[in-house]
Every structure is written in C-alpha cells, then in structure tokens.
Amino acid sequence: MLSELQKKLDYVNAYRENRLKTAQDVLENPSLFSELVSICFSPEDKNNHKACWILEFVSYEELNWLQPHLDFFCSNLKILKDESSMRPIAKVVQLLVKSHYKKNENGIQLSEENLQDCIEASFDWLINDTKVATKAYSIRTLYILGNYYDWIHPELKVIIDKDFGDHSPAYKAVAKEVLKKIK
C-alpha cells in the first residue's frame, strides 16, 4: 500500500506550482520529511526525482529539518545518477554549505565527514557529464568550500579553465563570476 507521501508524489509534475503545493504539504506535515529524504536516495523508486524536487523547495523554508539526516544525506550523494535528482540535490548541498559557514548559531552544522562528502560529490558532478545547472551549483559550492580548504580553489580553477570552451553561456557566466572571486 502506498504511503500518503507516495500518493502525493505520484501526482507531482514538473510545473513549479505543482511542486510548490506538494512542498507546502510537507511543510505543513513535518512527519512526512523523513520519508521524503529516504525517497530522494532510493533511485529504484519511480518518484525519486520528484522527491528531490520537493526536498529542494522544503529546504528553502526549513533547511534545519535536514540536521538530523545529514549523515545519511551526505553519505548518499554519490548514489544519485539521474540528472533530475542531481540538480535539486546539488542546490540543497549549496544551501547546506552556505548555512554551515554563516556566522550564526542557527546554521546547519556539518561534520568534517559531511563536508568531505559534499566536496567529493560537487567535484564529481562538475567533472562528469551532467547538465549545466548541476555544474553551476557545484562550482558555487566548491568556491565556498575553497575559502576553508586551501587546495580546492586551485583544483576548481584548473577544471573550469580546462572545460570553459566546451560549455554553454550559462556555465561560462558562473565560471567567470567564480574565477574573478578566486583571483
């Protein structure tokens, strides 16, 4: 028998309003959140990518809900292979890393292992054949991380310089923005 969340996900489509409605349902029913995170990292689930879409929207409002799930979330980033799942999760990783380094006690607290998982996934998404949005989020995430890990900016610069000519104007815009900050 399908869970309440699975029934909702069956009706989600790519329309923003539709995704926002389901995200609002989760925000109003926090008991659905653990299952949502679990579905995000269940590639065999037909609603996997839809769960990732919803998690992105929920994270804009309640990023702190991820705190008790961070070990699971970060250690499973590498299992995502579907572009429709990777893009929203790359955005959530960016939000997590930004929050971790914000100077306020309400921010997300990532462990060293969580941070290493985020670094590894972001580099993987950047160098593998993923779409531009996933790469753009990864570049921005790695830029932030590079402010705290001195080896990241030089590696990031090499990858961006090498791949620059092969990408779209959107990729180039993000790459230029980050390269300017690195210099």
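Conventions and cut-offs
Residues numbered from 1 in each chain as written. Predicted model: local features only at pLDDT ≥ 70, side-chain atom pairs only at ≥ 80, totals over all residues. Heavy atoms only, no water. Helix = DSSP H or I, 4+ residues; strand = E, 2+ residues; numbered from the N terminus. Contact = heavy atoms within 4.5 Å. Buried < 20%, exposed > 50% of the residue type's maximum accessible area, 1.4 Å probe, protein only. Polar contact = N/O pair within 3.5 Å; in protein donor to acceptor, adjacent residues only side chain to side chain. Axes fitted to C-alpha atoms, helices over the stretch in contact; angles between N-to-C directions. Parallel < 35°, antiparallel > 145°, perpendicular 65-115°, else oblique. Left-handed = near helix turned anticlockwise from the far one by under 90°. Expected span 1.5 Å × (residues − 1). Arc of directions from axis to C-beta. Salt bridge = Lys/Arg side-chain N within 4 Å of Asp/Glu carboxyl O.

This paragraph deals with the environment of phenylalanine 41. Considering the arrangement of structural elements, one finds phenylalanine 41 in the loop between helix 3 (33-40) and helix 4 (48-62). C-alpha separation for the pair phenylalanine 41 and valine 158, spaced 117 residues apart in sequence, amounts to 31 Å. Once you skip the residues sitting within four places of it in the chain, phenylalanine 41 turns out to touch Asn48, Phe72, Phe73, Asn76, Leu77, Ile79, Leu80 and Ile89.

Mapped onto the elements of the fold, asparagine 47 is located in the loop between helix 3 and helix 4. Apart from the residues within four sequence positions on either side, asparagine 47 is in contact with Gln6, Leu9, Asp10 and Ile39.

With that settled, consider the side chain of asparagine 48. You can see asparagine 48 is positioned in helix 4. For asparagine 48, a relative accessible area of 5% corresponds to the buried category. Polar side-chain contacts of asparagine 48 include one of 2.5 Å to the backbone oxygen of cysteine 40. Engagement of the side chain of asparagine 48 in a polar contact is seen with the side chain of serine 85, the distance being 2.5 Å. Ignoring anything within four residues of it in the chain, the contact list for asparagine 48 reads Ile39, Cys40, Phe41, Ser42, Pro43, Leu80 and Ser85.

Axis separation between helix 7 (residues 112-127) and helix 9 (residues 152-163) bottoms out at 11 Å; the angle between their running directions is 15 degrees. Regarding the angle of helix 7 to helix 9, the classification is roughly parallel. As helix 7 runs across helix 9, the sense of the crossing is left-handed. Contacts between helix 7 and helix 9 involve Ile119, Phe123, Leu126 and Ile127 from the former and Ile152, Glu155, Leu156, Ile159 and Asp163 from the latter.

Count 3.6 residues to each turn of an α-helix, and residues three or four apart come out pointing the same way. With 14 residues, helix 10 (residues 169-182) extends 20 Å from end C-alpha to end C-alpha; this agrees with the ideal 20 Å at 1.5 Å per step. Looking at helix 10, one finds that the buried residues are Tyr171, Val174, Ala175, Val178, Leu179 and Ile182. Take helix 10 and look down its axis: the buried residues cluster within an arc of 130 degrees, on one side only. Exposed side of helix 10, more than 90 degrees from the buried face: Pro169, Lys176 and Lys180 are the residues found there. Those residues of helix 10 hidden inside the fold are in contact with helix 7, helix 8 (132-146) and helix 9.

Here tyrosine 11 is to be found in the loop between helix 1 (4-10) and helix 2 (16-28). Classification of tyrosine 11 as exposed rests on a relative accessible area of 69%. Linking tyrosine 11 and threonine 22, residues 11 residues apart in sequence, is a C-alpha distance of 9.0 Å.

Scanning the model with the defined rule gives eight salt bridges in all. In this structure, glutamate 56 and arginine 87 form a salt bridge, with 2.7 Å as the shortest nitrogen-oxygen distance. Of this pair, glutamate 56 sits in helix 4 while arginine 87 is found in helix 6 (residues 83-101), placing the two residues 31 residues apart along the sequence. Linking arginine 140 and glutamate 177 is a salt bridge whose minimum nitrogen-to-oxygen distance equals 2.9 Å. In this pair, arginine 140 is assigned in helix 8 and glutamate 177 in helix 10, connecting sequence segments 37 residues apart. With a relative accessible area of 29%, glutamate 177 lands in the partly exposed category. A network of salt bridges, in which partner residues are shared, links Glu4, Lys8, Lys21 and Asp25.

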